[in-house]
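A look at the structure
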Amino acid sequence: NIVSAGSVAGVLEGRHYNRSIRAHQIVAEGLERLRWKEFEDETHASNEVQLNHSDFDILYGILTKLRDNQSISTVTELIAHPAFTSVYSAYSAFCKQDRGPMSLFWTSYLDMVSLLRRFVRASRQGDWHLHLQCVRELLPWLFAYDRTNYCRYLSAYWCEMTLLPHTHPDAYAQMERGEFTVQRGRQSPFAQVPVDQALEQTINRDTKASGGIIGFSLHPSAVQRWMLTAHLRAELTQSCKNLAGMMTESSIVHK
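Right, let's walk through the structure included here. (Residues numbered from 1 in each chain as written. Predicted model: local features only at pLDDT ≥ 70, side-chain atom pairs only at ≥ 80, totals over all residues. Heavy atoms only, no water.)

Moving on to the environment of Asp-127. Structurally, Asp-127 can be placed in the loop between α6 (101-125) and α7 (128-144). For Asp-127, a relative accessible area of 29% corresponds to the partly exposed category. For the pair Asp-127 and Glu-179, spaced 52 residues apart in sequence, the C-alpha separation works out to 9.5 Å. With residues up to four places along the chain from it excluded, the contact list for Asp-127 reads Ala-122 and Phe-180. A distance of 3.1 Å separates a polar side-chain atom of Asp-127 from the backbone nitrogen of Leu-130. (Helix = DSSP H or I, 4+ residues; strand = E, 2+ residues; numbered from the N terminus. Buried < 20%, exposed > 50% of the residue type's maximum accessible area, 1.4 Å probe, protein only. Contact = heavy atoms within 4.5 Å. Polar contact = N/O pair within 3.5 Å; in protein donor to acceptor, adjacent residues only side chain to side chain.)

Dropping the structure here:
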């Protein structure tokens, strides 16, 4: 199963981050395969499409080579090949065709998942320019789906960040170096996470107590002590895990 029955609501509402990302990627791949099959069948059956059938064979041959040898040279060979260019252009035109409301809906879904993947990639690679590009492309979708708070604050965020080279050049230089993300592990450079997510996975996670601040949240002094000692409790939790052999390099890498 992609998602258990009890987690479906949380995945659809975005409350389970990892499971949501995985579920959307699997669903998007399934839909993309169905759309590609329809494109291939229609291309072979139609005489109007100016596309050589041998281009598919050449493309599949290069993809098989890429599967066996995942290298930059193989990717470059694939992109530079005329067969890829012709098939890609025909497939892009096929995807833009109006085939009814249901087709347009699932096409928009695939576009959003593609944007989500690029947004995650920007964070994992620490690519500031790709991050801002994805934020700009996200805005029309947020307005279309009436996500009021995201529309309001993400628009202001994008405007302020695009002006960062003029208003705060030192901060902009840090962002360009990828310092808007956190690299927690040393095994893979493609494992950076946003700062707020890193805080959730480290200090906030290690300082959690049974019930949180429920029971003493109405006492300001108790809440203050609880907050001021958060880093100490997190450090104590980490030390106990290290002592018990529960902390390894793989356990701190983002999954």
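So, on to the layout of surface pockets. Quantified by volume, the second largest pocket comes out at close to 1300 Å³. Lining the second largest pocket are 26 residues, with Glu-32, Phe-84, Tyr-88, Tyr-91 and Arg-117 sitting closest to its centre. Elements that contribute at least two residues to the lining of the second largest pocket include exactly α2 (17-45), α3 (54-68), α4 (72-80), α5 (82-95) and α6. By residue class, the composition of the lining of the second largest pocket is 16 nonpolar, three polar and seven charged. (1 Å grid on protein atoms, 1.4 Å probe; cavity = no way out; pocket = protein on both sides within 12 Å on 5 of 7 lines; lining within 4 Å. Points joined across faces, edges and corners; volume = space filled by probe spheres on them. Nonpolar A, V, L, I, M, F, W, Y, C, P; charged D, E, K, R; others polar.)

As for its position among the elements, His-131 is in helix α7. Once you skip the residues sitting within four places of it in the chain, His-131 turns out to touch Phe-119, Ala-122, Tyr-157 and Phe-180.

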